[in-house]
Amino acid sequence: MYNRNNIVGTVNLYDVMKKLSTCQLVFSSSATVYGQPEKVPCFEDFPLKALNPYGRTKLYLEEMLRDYQHANPEWRTILLRYFNPIGAHESGDIGEDPKGVPNNLLPYIQQVAVGRRPELNVYGHDYRTRDGTAVRDYIHVVDLADGHIAALEKLFATPDIGCVAYNLGTGRGTTVLEMVSAFEKAYGKKIPVKMCPRRPGDSEQVYASTAKAEEELGWRAKYGIEEMCRDQWNWAKKNPYGYCGNAAE
Ligand SMILES: O=c1ccn([C@@H]2O[C@H](COP(=O)(O)OP(=O)(O)O[C@H]3O[C@H](CO)[C@H](O)[C@H](O)[C@H]3O)[C@@H](O)[C@H]2O)c(=O)[nH]1
C-alpha cells in the first residue's frame, strides 16, 4: 500500500496498521537475509547480509519493522524467514504458476517434466558440497502455511513479544542434483540436465536451524522432499500450463 504524502514507494505502515485497527503483523521475510552464511545451519541471530536486490528488499523491510517496533512498543511483529518453499496442495488444484521463464528450481524442473523446456540448467557444479551443486533447505508449502498459523497463535498469546524472527525451514540441506533425483522418483523418468556456471548472487549452502521455531512456536515441518516432489508433480501433471490451461504464457 502506498501513500502519496510520503516519498514515492515508501509504505506508510503506521497509517495502514492504524486504519486496520491492529498492532499485530506477520512479515514474509526470507532466508536470503543470511546472504552467504559463514556456517550452517542458520540461526536467527546470525549477521544479516544481502547478496542481491531481492535480498536487500527483505533486509531493509526487516530493519524498518524493527524500527517501527522501537517507535511503537505496543506492536507485535513476527518476521518469518522462509527457506525454499516448494510443492503444492495435495489435491493438485493449488500450486505455483510463475509467469514466463521460471527463476526457481522446482518450477523449472516441473516445466521440463511437462515438455515446456528441453532441459534444466544446473547453475554451479563446483561448490564445496557433496556433489558440487548448491545446498538449500526446501520446505513444503503446506508446512509453511502451518508455520503462519503457529506464528499468529504466538502473536495473539504474547502481548510483549516485540519484533521476533523465526526460520521456517526443515533443517535439512539438499543439493540441486539430489532434488533432481527426488523429482525423478516422483515423475518416473529422467530430467535432462546441463551443467552451467554459477548464477551470480547465489549462496553455496543455506539451511535452517529449526530450534527456535520448534521451541517458541511449537511448530516443525512434517514433510520431506519425497512428499514435496510428489505434490509438485501431481500439480504439474494436472495443470501442465498452470491456471491458464493452455500453451499461451
Ligand atoms: O533453473 C534453475 C534454478 C535454480 N537453480 C539452482 O537451484 C538452487 C535454488 O535456487 P532457487 O532459485 O530455487 O532458490 P534460491 O535459493 O535462489 O532463492 C529462493 O530462496 C531464497 C531464500 O534463500 C528466497 O526466498 C527466494 O525468493 C527464493 O527464490 C540454486 O542453487 C540455483 O542456482 C538451478 O540450478 N537451475
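Further up the page is the structure itself.
Note that the structure is predicted; figures quoted are calculated from it, not measured. (Residues numbered from 1 in each chain as written. Predicted model: local features only at pLDDT ≥ 70, side-chain atom pairs only at ≥ 80, totals over all residues. Heavy atoms only, no water.)

J.: What should I look at first to understand the pattern of salt bridges in this one?
T.: Any two side chains of opposite charge can pair, given that their charged atoms come close. By the definition in use, this model includes 12 salt bridges. One salt bridge connects R199 with D202, and the closest N-O pair in it is separated by 3.1 Å. According to the relative accessible area criterion, D202 is partly exposed, its value standing at 24%. Taking the shortest distance from any N to any O, the salt bridge between R230 and D231 comes out at 2.9 Å. Judged by relative accessible area, which is 3%, D231 ranks as buried. Overlapping salt bridges, with partners in common, bring together E62, R66 and R81 in one network. (Salt bridge = Lys/Arg side-chain N within 4 Å of Asp/Glu carboxyl O. Buried < 20%, exposed > 50% of the residue type's maximum accessible area, 1.4 Å probe, protein only.)

J.: How should helix 3 (residues 105-113) be read in this particular structure?
T.: Quick reminder: α-helices carry 3.6 residues per turn. Residues three or four places apart thus point the same way. Burial within helix 3 is extensive, with 9 of its 9 residues counted as buried. Where helix 3 is concerned, the buried positions are L105, L106, P107, Y108, I109, Q110, Q111, V112 and A113. Buried residues along helix 3 sit against strand 3 (84-86), strand 4 (120-123), strand 6 (138-140), helix 5 (176-187) and helix 7 (225-238). Following helix 3 by one or two positions, G115 adopts a phi angle in the positive range, close to 90 degrees. (Helix = DSSP H or I, 4+ residues; strand = E, 2+ residues; numbered from the N terminus. Contact = heavy atoms within 4.5 Å.)

J.: What's the story with the site of the ligand in this structure? I'm lost.
T.: Lining the immediate environment of the ligand, one finds 19 residues, of which S30, N104, N121, R136 and D202 sit closest. Contact distances for the ligand include 2.8 Å between an oxygen atom and a backbone N or O atom of L105. With respect to the ligand, the side chain of R199 contributes an N or O atom lying 2.8 Å from an oxygen atom. Out of a free accessible area of 670 Å², the ligand has 88% covered by protein chains. Looking at the shell around the ligand, the elements that each hand over two or more residues are helix 3 and strand 4. Top contributing element to the shell around the ligand by residue count: strand 4, with 4 residues. Its residues assigned to classes, the shell around the ligand comprises 10 nonpolar, 6 polar and 3 charged. (Near = heavy atom within 4 Å. Polar contact = N/O pair within 3.5 Å; in protein donor to acceptor, adjacent residues only side chain to side chain. Areas by Shrake-Rupley, 256 points an atom, 1.4 Å probe, with all protein chains shown as cover. Nonpolar A, V, L, I, M, F, W, Y, C, P; charged D, E, K, R; others polar.)

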